[in-house]
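Overview (structure and organization)
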Amino acid sequence: MDKKDTKKTLEVMDDKPDPGPLSESSELFSFGVIADIQYADLEDGYNFQGSRRRYYRHSLLHLQCAIEHWNKESSPPCCVLQLGDIIDGYNAQYKASEKSLELVLNTFQTLKVPVHHTWGNHEFYNFSRDYLTNSKLNTRFLEDQIARHPETMPSESYYAYHFVPFPKFRFILLDAYDMSVLGVDQSSPKFQQCLKILREHNPNTELNSPQGLSEPQFVQFNGGFSQEQLNWLNEVLTFSDRNQEKVVIAIFPFTPRPLTVCAWPGITETSWQSFGLTSVWCVSSPVTRMMVATLRIPLVCTTST
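The structure presented is a predicted model; accordingly, all values stated were derived computationally and were not measured. (Residues numbered from 1 in each chain as written. Predicted model: local features only at pLDDT ≥ 70, side-chain atom pairs only at ≥ 80, totals over all residues. Heavy atoms only, no water.)

1. Digging into the overall build of the protein chain
The helix and strand tally for the protein chain stands at 7 helices and 11 strands. Per-residue burial over the protein chain gives 55% buried out of 305 residues. A sequence separation of at least 24 residues applies to 73% of the contacts in the protein chain between residues at least 6 apart. Element-wise, carbon and sulfur atoms account for 51% of the exposed surface of the protein chain, whose accessible area totals about 14700 Å². (Helix = DSSP H or I, 4+ residues; strand = E, 2+ residues; numbered from the N terminus. Buried < 20%, exposed > 50% of the residue type's maximum accessible area, 1.4 Å probe, protein only. Contact = heavy atoms within 4.5 Å. Areas by Shrake-Rupley, 256 points an atom, 1.4 Å probe, with all protein chains shown as cover.)

In structure tokens:
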């Protein structure tokens, strides 16, 4: 986490003609976003490349400040999206994973609105997928149950769900490590399948190294989406399009630059673009720093195009 963390408010606008400036009384709904807290009870360190300083203990203070800010807003956010890497992988080395996670989650307890958690690589450095499924980092119980549309119910084999924080706005959380060698038993068929994918694209002895790769996203610390999850996503997006909903996709922060932090396989990098929807926004952030934001959406822009 970078010391130069920023707190900012972003306005998400529709691609329709500018309706003119919003007045002070214009009704908005907002949601908070925070990523890469990466807490550890450690002295300062550096990222994997050694190029950026990390302030492990200090990250908890930034989280506390973000929560205080959200709690004091005159129009509180409807919810907060926590985009993964809630604690740092070093916790596993010092056998402090559960203690650190509990400390951060206790801090989130002071937040006055619901928080939705996604999982990143540092979650899997500390815990198995089975552990996470049964932990407080699983917020799937907040899922929106759509009557008479069972195709929008996600499978138990991946961690993804959707919910509606405001009418005509559907949020979708995706499992970016659905296909991964992290967090799964090495004897399992899924591990063997994912390892095969990795080795087909990455001949390096060190699978976290992108050295010499034409597709540098094929490294061990990345993951991808199964066809099953993509099919489910298609069903939810189709439902939302038919019902003229805006869609916000929340995903662990994969970014197209640098390519080493893109999802694999390659078809999963921007999967939702294939559905022909123009009302889909992706909430993500660079993995190089903690990001705190409040996204405000004008309620005058609630119809799908």
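2. Details of the pairing of strand S7 (residues 161-166)
Note: S7 against strand S8 (residues 169-173), 4 bridges, orientation antiparallel. Its bridge partner being in S8, Tyr161 is matched across the sheet by Leu173. The loop that links S7 with its antiparallel partner S8 comprises 2 residues; one of these, Lys168, has a positive phi angle of about 75°. (Pairing = 2+ DSSP bridges.)

3. As for the nonpolar core
Ranked by internal contacts, the top residues of the largest apolar core, which has 65 residues, are Ile86, Val104, Phe108 and Ile172. Residues in contact with Ile172, not counting those within four places in the same chain, are Tyr161, His162, Trp232, Leu233, Val236, Leu237, Val247, Val248, Ile249 and Ala250. (Core = buried A, V, L, I, M, F, W, Y, C linked by side-chain atoms within 4.5 Å.)

4. Thoughts on the pairing of S8
Taken across its 5 residues, S8 has 5 buried, putting it largely inside the fold. In S8, alternate side chains face the same way, and those of Phe169, Phe171 and Leu173 on one face and Arg170 and Ile172 on the other are all buried. In this sheet, strand S9 (residues 246-250) lies alongside S8 in parallel orientation, the contact comprising 5 bridges. Bridge pairing in S9 links Phe169 to Lys246.

5. Points about the packing of aromatic side chains
By the definition in use, this model includes 13 aromatic pairs. Consider the rings of Phe31 and Phe171, whose centres lie 4.8 Å apart with planes at 75°: the pair is edge-to-face. With a gap of 140 residues between them, Phe31 in strand S2 (residues 28-35) and Phe171 in strand S8 connect regions that are remote in the sequence. Residue classification places Phe171 among the buried residues on the basis of a relative accessible area of 1%. With centroids separated by 6.1 Å and ring planes inclined at 80°, the aromatic side chains of Trp119 and Phe124 adopt a geometry described as edge-to-face. (Phe/Tyr/Trp six-rings, centres within 6.5 Å; stacked < 30°, edge-to-face > 60°.)

6. Notes on the packing of helix H1 (residues 58-72) against helix H3 (residues 97-108)
Two numbers describe how H1 lies on H3: the axes approach to 10 Å, and their chain directions differ by 15°. On the basis of the axis angle, H1 is roughly parallel to H3. Relative to H3, H1 is oriented so that their crossing is right-handed. Contacts from Leu60, Leu63, Gln64 and Ile67 in H1 reach Leu103, Val104, Thr107 and Phe108 in H3. For the contact of H1 with H3, the residue count by class is 6 nonpolar, 2 polar and no charged. (Axes fitted to C-alpha atoms, helices over the stretch in contact; angles between N-to-C directions. Parallel < 35°, antiparallel > 145°, perpendicular 65-115°, else oblique. Left-handed = near helix turned anticlockwise from the far one by under 90°. Nonpolar A, V, L, I, M, F, W, Y, C, P; charged D, E, K, R; others polar.)

7. A word on the pattern of salt bridges
Under the definition given, this model contains 10 salt bridges. For Arg57, the salt bridge goes to Asp41, with nearest N and O atoms at 2.5 Å. You can see Arg57 sitting in the loop between strand S4 (53-54) and H1 and its partner Asp41 sitting in the loop between S2 and strand S3 (45-46), a full 16 residues away along the chain. A salt bridge links Glu43 to Arg57, with the nearest nitrogen and oxygen atoms 3.0 Å apart. Here Glu43, found in the loop between S2 and S3, pairs with Arg57, found in the loop between S4 and H1; they are 14 residues apart in sequence, far enough to count as distant. A relative accessible area of 58% places Glu43 in the exposed class. One salt-bridge network, held together by shared partners, links Asp41, Glu43 and Arg57. (Salt bridge = Lys/Arg side-chain N within 4 Å of Asp/Glu carboxyl O.)

8. Details of H1
The terminal C-alpha atoms of H1, which comprises 15 residues, lie 22 Å apart, in line with the 21 Å expected from a rise of 1.5 Å per residue. Ser59, Leu60, His62, Leu63, Ala66, Ile67 and Trp70 are the residues of H1 that are buried. One side of H1 holds all its buried residues, which, seen down the axis, span an arc of 155°. (Expected span 1.5 Å × (residues − 1). Arc of directions from axis to C-beta.)

9. Overview of unusual backbone geometry
Positive phi values are uncommon outside glycine, yet Asp85 reaches one of about 60°. Tracing the backbone through its elements, the reader meets Asp85 in the loop between strand S5 (80-82) and helix H2 (90-93).

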